[in-house]
Protein chains: 2
Amino acid sequence: MVSSLRLPTLTSLFSPSFTRRSTVSLRRSFHLRPPLAAGFSAQSAASSPPEIENQVDSKKSSRVQDRGNTDRVITPLSQDFNAWYLDVIANAELADYGPVRGTMVIRPYGYAIWEAIQDYLNVKFKETGHSNMYFPQFIPYSFIEKEASHVEGFSPELALVTVGGGKELEEKLVVRPTSETIVNHMFTQWIHSYRDLPLMINQWANVTRWEMRTKPFVRTLEFLWQEGHTAHATPEEAEKEALQMIDVYTKFAYEQAAIPVIAGRKSKVETFAGANKTYTIEAMMGDRKALQAGTSHNLGQNFSRAFGTQFTDESGQRQHVWQTSWAVSTRFVGGIIMTHGDDTGLMLPPRIAPIQVVIVPIWKKVDERTGVLDAATSVAETLKTAGLKVKLDDTDQRTPGWKFNFWEMKGVPLRIEIGPRDVSSGSVVISRRDIPGKQGKVFGISMEPSVLEAYVKVRLDEIQSSLLQRAISFRDSNIVDVSSYEELKEAISLGKWARGPWSASDADELRVKEETGATIRCFPFEQPQGTKTCLMTGKHSLFSALPATSVPQETFRYDLREKCS
Amino acid sequence: MVSSLRLPTLTSLFSPSFTRRSTVSLRRSFHLRPPLAAGFSAQSAASSPPEIENQVDSKKSSRVQDRGNTDRVITPLSQDFNAWYLDVIANAELADYGPVRGTMVIRPYGYAIWEAIQDYLNVKFKETGHSNMYFPQFIPYSFIEKEASHVEGFSPELALVTVGGGKELEEKLVVRPTSETIVNHMFTQWIHSYRDLPLMINQWANVTRWEMRTKPFVRTLEFLWQEGHTAHATPEEAEKEALQMIDVYTKFAYEQAAIPVIAGRKSKVETFAGANKTYTIEAMMGDRKALQAGTSHNLGQNFSRAFGTQFTDESGQRQHVWQTSWAVSTRFVGGIIMTHGDDTGLMLPPRIAPIQVVIVPIWKKVDERTGVLDAATSVAETLKTAGLKVKLDDTDQRTPGWKFNFWEMKGVPLRIEIGPRDVSSGSVVISRRDIPGKQGKVFGISMEPSVLEAYVKVRLDEIQSSLLQRAISFRDSNIVDVSSYEELKEAISLGKWARGPWSASDADELRVKEETGATIRCFPFEQPQGTKTCLMTGKHSLFSALPATSVPQETFRYDLREKCS
């Protein structure tokens, strides 16, 4: 059932072998492509390699169209996690690739998940005293260039504007990879006295990092994020802020996305190059790889010293401000897909699902149609009025069975089925996405608005906590407590996360990375009880670390060593 | 009172004489600048030319700080509208300039106005069936390049990425000036049959146009906007959509921004180069210049033909789709400033004001402080609970008089004053921003929550309609009905808008532009009654046109002539 012809293209477009694919050839292949089944355009468009595409004639294409839902094939998760991931993204129409290598078009269904993330976080940011604003995306090259000797090591992650208004620019412009430099350039102008502090802002923006190995949502050339930036009068305040924001992210992950992230502090090796401390939330994906889902940095005075951001304190002394920055990006959407999805496709936690309930009307005879559709419309109105996100799929062009599969693949938490018998009895059938088959199906739920509304809301809450519980069990059964390097290696080789006392050197950490592929994801805030002996050195150790193999992450790193010295 | 030293800099940074100002010198000047009064950093930072800045010693700076509100000087609107505009932007902390020429940092107070615009429009877009999504900002140069012979005429408005990942790119990338091309590239892949139509999407994004003459909000190198893009099966549907969206913009302008725009159709000369028809809303600024505040284009099949965006209709025929695009940008914030502001500063319509009510507590003796602050806090809570946007200015560092001036300058619609006597009598004093002095001040409004809430809400509604009525009167008293070219010239020379029957040629239109500086802003939807004789030719004419001098607008123009032929 796995369409081997489809997968390679999306995979390869997001891999280094297609480093510079000609957009002209892309466009030609699209222009030549015959029409495919509606509703699966993303899959078709995203998946057929041009070489093969051009051989598809319109006859074959109509056959594809006629095949109906057999066309919608998702590689089993257990067989090939990466292929499964790309299939889900294409089939559920979450994203498509843009014409430029490594760029991504976020389609309405995927963007709606991002909007759910934005809506929640935006409120929390304001509640915690931050204001939104907007900084220009063009940053003078001089702001982030390293000393001449290091330029080559740095540039690879940047996109540079060198021509503007038809002329070569005197100074190249960097397309924002992150905004600490331009933020500090402005903070230096706005901050004068302790009365101007704390200064706490956030921006929702696009950022660009010239990644060579890309993957939709997880690592793309351009992505969307929020970046918070704050300046404080004391190091204590900055530390408190950095911790507060990783806490906001943690709550979001647990309560909204049903992702049981492990929050903690990064090792020195893994700390953001411009930060004194980096806090992170680490999520376990379905393939047991770790995804860094959000970070919060205590920047200390690194940027304020580099950019001269000073204030006059209450005693009249000039001091550099203490800063933080923190970010969550569209990569979180990838985290949601990879945490909850199964062989059937996407599975969305109700609180961030663009559609929480889909209603599928069922009729055979023409005279049944009106009654069923009226009841379905009325049920939809009831639930919409109750504040739920509802989709009534009343198209005549697909069978109920096709619709069941389609909306399951799209991860909609609840399905309501209404047939002629249900209309007679004034009840509906409700199926849960998280419990397959008959077990998840309940018959005879009354259509009476207050009863139905209450029932649906309770079920959605159940699904929300069930997804979280399932993810917690999965996570905990895949973390192994280790007390020696041998045990660590074994855990990692089994694809699991290791957890064990760590007070070893940076060199040891790099050696582990080289020998096992695992990196220390964090020193979790929640530490096991008891005395600890470092798993590498046998020495006393204060904290347990969490080494694991991770999903690729953004590679952008400041190097402020010269500026800060 | 006008600080002549301050104005030139912001003006010149946004003018061509500072085409390429060194960011290094900017940074140096900022680093050397001594601290100035908190709360006026934007003014100080944005306004002092570096040559003079460096001469300011810290002694002078403390004098500035001590001067208090005399430091906050806004050029009278009647004296120099442009200087007034820049002063308001700096003093009210709406925006600052970025380190790259022509770029703008949108500060929290300015961004909050943009958020109010977003919040309203986003709901309306969804109500009218559009979904949000996101397209990459990098567009292959081949997508928008003209034929080789025209390249030079086109490039000036573009920023080009030529280096990525440390290497020269094979194909230059255009930083999105608008997205029709990449949208159509994707639509071509997603649209196959009539069942896929209409396809109606919107994106909130940043766009870049390499403008040589820039002005904050009104025309900047990078700005924020929403761009809607739709595809339809018939020209009638596309036309209906284009009209629907200009109607959404018109309602927003009248009902939220209190700007009585004139909606209408652009002349052929002024129509967006990729469109068959362009609809526009034109607003009259305080200097009586016309501001194009939003446009909606019926694109016909221009882009679908250029990009091969076809669908199979119900009879099995392949057809090109019919499209629209429509946009409103951060320039609307400029329109709000220039419509309602006065010599005192900003004046914001309550429905889009980031702060609707400011509360200023007043006390002299220390033992009055607690009582006054408690009452002020309680009043603030009452109004916040009622859903109003409230600011309690309880700082000890400024006098009540200073605060009155400050919040008037920031355009807050209502001010509540609470002193010891008010506390005793359980009442407050309320002042309207739109009615200066004692006339706008009412004493003895009860603090009783239900009374106060009702009173404040009624006053805010009054201010909202009063601002609209005032703007309508101003607009109508500055439009002159003309029936000859002589009358047109006279109206324009008096700084007014002309309105008169028009069926003259494009050449005549260009001649008017050349000779008077005025362009036809639109053929208004609301036309005067009666038969019409063209003011230029004396021939019968169907429509009256609205020629006026306009605020500079974006110059980006597609040239699809070759692609469409």
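Residues numbered from 1 in each chain as written. Chains lettered and ligands numbered in written order. Predicted model: local features only at pLDDT ≥ 70, side-chain atom pairs only at ≥ 80, totals over all residues. Heavy atoms only, no water.

Enquirer: Could you give me a rundown of the pairing of strand S7 (residues 199–208) of chain A, with the residues and numbers involved?
Expert: Residue and element names in this part refer to chain A. Among the 10 residues of S7, 10 are classified as buried, and the element is accordingly described as predominantly covered. Of the pairings in the sheet, the one linking strand S3 (residues 131–132) to S7 comprises two bridges and is parallel in character. Paired with Ser131 across the two strands is Ile201, which belongs to S7. Where S7 meets strand S8 (residues 222–232), 10 bridges bridge the pair, whose relative direction is antiparallel. Within S8, the position partnered with Asn202 by the bridge is Gly228. (Buried < 20%, exposed > 50% of the residue type's maximum accessible area, 1.4 Å probe, protein only. Helix = DSSP H or I, 4+ residues; strand = E, 2+ residues; numbered from the N terminus. Pairing = 2+ DSSP bridges.)

Enquirer: I'd like a description of the environment of A:Trp204, backed by residues and values.
Expert: Residues and elements named next belong to chain A. Note that Trp204 resides in strand S7. Sequence-wise, Trp204 and His185 are 19 residues apart; in three dimensions their C-alpha atoms are separated by 19 Å. Setting aside residues up to four positions removed in sequence, Trp204 forms contacts with Trp114, Gln118, Leu121, Asn122, Phe125, Asn132, Tyr134, Trp225 and Gln226. A polar atom in the side chain of Trp204 sits 3.0 Å from the side chain of Asn122. (Contact = heavy atoms within 4.5 Å. Polar contact = N/O pair within 3.5 Å; in protein donor to acceptor, adjacent residues only side chain to side chain.)

Enquirer: Tell me about the sheet that holds strand S11 (residues 290–300) of chain B, and name the residues and values.
Expert: Residues and elements named next belong to chain B. Ordered by their spatial adjacency, eight strands build an open sheet running S3-S7-S8-S14-S11-S10-S9-S23, and the pairing between neighbours is mixed. In this open sheet, the two edge strands, each paired with only one partner strand, are strand S3 (131–132) and strand S23 (523–524). The pairing of strand S10 (residues 277–284) with S11 spans eight bridges and is classified as antiparallel. Counterpart to Met284 in the pairing with S11 is Ala290. Against the sheet, helix H11 (residues 235–255) touches strand S7 (199–208), strand S8 (222–232), strand S9 (262–265), S10, S11 and strand S14 (322–329), its axis set at about 165° to S11. (Axes fitted to C-alpha atoms, helices over the stretch in contact; angles between N-to-C directions.)

Enquirer: Talk me through the relation of the copies chain A and chain B; I want residue IDs and the actual numbers.
Expert: Note on the identical chains: chain A maps onto chain B by a rotation of 180° and an axial translation of 0.0 Å, with an RMSD of 0.0 Å. Such a combination of turn and shift is consistent with a two-fold rotation axis. Identified as the residue of chain A closest to the rotation axis by C-alpha distance is A:Val161, at 2.1 Å. A shared interface surface links the copies, since 100% of the contact residues of chain A are contact residues in chain B too. (Least-squares fit on C-alpha atoms with pLDDT ≥ 70 in both.)

Enquirer: Give a detailed account of the packing of aromatic side chains, specifying residues and quantitative values.
Expert: As enumerated under the stated definition, the model contains 28 aromatic pairs over all chains in all. Seen in terms of ring centroids, A:Phe135 and A:Trp190 are 6.1 Å apart; in terms of plane orientation they differ by 40°. Their pairing is tilted. Here A:Phe135, found in the loop between S3 and strand S4 (138–140), pairs with A:Trp190, found in helix H10 (residues 180–190); they are 55 residues apart in sequence, far enough to count as distant. Ring-pair connections join several aromatic residues into one group, and the members of that group are A:Trp114, A:Phe125, A:Trp204 and A:Trp326. Positioned above the aromatic ring of B:Tyr455 is the side chain of B:Arg459, whose terminal nitrogen or guanidinium carbon lies 4.4 Å from the ring centre. (Phe/Tyr/Trp six-rings, centres within 6.5 Å; stacked < 30°, edge-to-face > 60°. Lys NZ or Arg CZ within 6 Å of the ring centre and 35° of its normal.)

Enquirer: Which residues make up the pattern of salt bridges, and what values do they have?
Expert: Under the definition given, this model contains 48 salt bridges over all chains. B:Lys251 is the partner of B:Asp247 in a salt bridge, and the nearest nitrogen-oxygen pair spans 3.0 Å. Placement of both B:Asp247 and B:Lys251 in helix H11 is noted, with a separation of four residues, approximately one turn of the helix. For B:Lys251, a relative accessible area of 39% puts it in the partly exposed group. Linking B:Lys289 and B:Asp287 is a salt bridge whose minimum nitrogen-to-oxygen distance equals 3.8 Å. Shared partners join several salt bridges into a network, and the residues in it are A:Glu408, A:Arg415, A:Glu417 and A:Lys441. (Salt bridge = Lys/Arg side-chain N within 4 Å of Asp/Glu carboxyl O.)

Enquirer: Kindly report on the pairing of strand S21 (residues 497–502) of chain B, identifying the contributing residues and their values.
Expert: Residue and element names in this part refer to chain B. Of all six residues in S21, five are buried; the element is thus mostly enclosed. Taken together, the three bridges between strand S20 (residues 479–481) and S21 define a ladder with parallel strand orientation. Note on S21: the bridge partner recorded for Asp481 is Arg499. The parallel pair S20 and S21, bridged by helix H18 (residues 485–493), forms a crossover whose chirality is right-handed. The pairing of S21 with strand S24 (residues 543–545) spans three bridges and is classified as antiparallel. What sits directly across from Gly500, in S24, is Ala545. (Right-handed = clockwise from strand over helix to strand, strands pointing away.)

Enquirer: Please set out the sheet that holds strand S16 (residues 390–392) of chain A residue by residue, giving values where relevant.
Expert: All names here are of chain A. Spatially, the five strands line up as an open sheet ordered S16-S15-S17-S18-S19, and their pairing is mixed. The outermost strands of the open sheet, each flanked by one partner alone, are S16 and strand S19 (441–446). Across the sheet, the mean angle from the axis of one strand to that of its neighbour is 25°, orientation sign disregarded. Of the strand pairs in this sheet, strand S15 (residues 357–361) and S16 are connected by three bridges, and their pairing is parallel.

Enquirer: Describe the packing of H18(B) against helix H19 (residues 506–516) of chain B, and please don't skip the residues or the numbers.
Expert: Residue and element names in this part refer to chain B. At a closest axis distance of 11 Å, the pairing of H18 and H19 adopts a crossing angle of 40°. By the angle class used here, H18 and H19 are oblique. In this structure, H18 meets H19 at a crossing whose hand is right-handed. In this structure, H18 contributes Tyr485, Leu488, Lys489 and Ile492 to the contact, and H19 contributes Arg511, Val512, Glu515 and Thr516. Classifying every residue of the contact of H18 with H19 by side-chain character gives four nonpolar, one polar and three charged. (Parallel < 35°, antiparallel > 145°, perpendicular 65-115°, else oblique. Left-handed = near helix turned anticlockwise from the far one by under 90°. Nonpolar A, V, L, I, M, F, W, Y, C, P; charged D, E, K, R; others polar.)

Enquirer: I'd love a proper account of the interface of chain A and chain B, names of residues and values included.
Expert: At the junction of the two partners, chain A supplies 76 residues and chain B supplies 76 residues. For the pair chain A and chain B, the summed buried surface comes to about 6700 Å²; carbon and sulfur atoms form 61% of the total. If you look at where chain A meets chain B, you find two salt bridges. The shortest N-O distance in the salt bridge between B:Glu115 and A:Lys126 comes to 3.1 Å. Inspection of the chain A/chain B interface yields 25 residue pairs in polar contact (both at pLDDT 80 or more). Broken down by class, the residue content of the side of chain A that touches chain B amounts to 37 nonpolar, 25 polar and 14 charged. (Buried area = accessible area lost by both parts, 1.4 Å probe.)

Enquirer: Could you give me a rundown of the nonpolar core, with the residues and numbers involved?
Expert: A:Leu94, A:Leu121, A:Phe217, A:Phe332 and A:Ile337 are the most contacted members of the largest nonpolar core, which has 66 residues in total. If you tally residues by element for this core, the top one is helix H7 (residues 108–127) of chain A, at nine residues. Setting aside anything within four residues of it in sequence, one finds A:Leu121 in contact with A:Trp204, A:Val248, A:Tyr249, A:Phe252 and A:Val328. By size, the runner-up hydrophobic cluster in this structure holds 63 residues, among which are A:Ala205, B:Val88, B:Ala257 and B:Ile336. (Core = buried A, V, L, I, M, F, W, Y, C linked by side-chain atoms within 4.5 Å.)

Enquirer: Report on the side chain of A:Gln323, specifying residues and quantitative values.
Expert: All names here are of chain A. Relative to the helices and strands, Gln323 is located in strand S14 (residues 322–329). Accessibility expressed as a relative area gives 2% for Gln323, which makes it buried. Separated by 3.4 Å, the side chain of Gln323 and the backbone nitrogen of Ser304 make a polar contact. When near neighbours in sequence (up to four residues on either side) are disregarded, Gln323 contacts Asn184, Phe187, Thr230, Ala231, Ala238, His297, Asn298, Leu299, Gly300, Phe303 and Ser304.

Enquirer: Provide a residue-level description of helix H14 (residues 366–385) of chain A, including the pertinent values.
Expert: Residue and element names in this part refer to chain A. Here H14 contains 20 residues, and its C-alpha end-to-end distance of 29 Å stays within 8% of the 28 Å for a straight helix at 1.5 Å per residue. Of all the residues in H14, the buried ones are Glu368, Val372, Leu373, Ala375, Ala376, Val379, Ala380, Thr382 and Leu383. Considering only its buried residues, H14 is in contact with S15, S16, strand S17 (414–418), helix H16 (420–425), strand S18 (427–432) and helix H17 (449–476). Just beyond H14, the residue with positive phi is Gly387, at close to 90°. (Expected span 1.5 Å × (residues − 1).)

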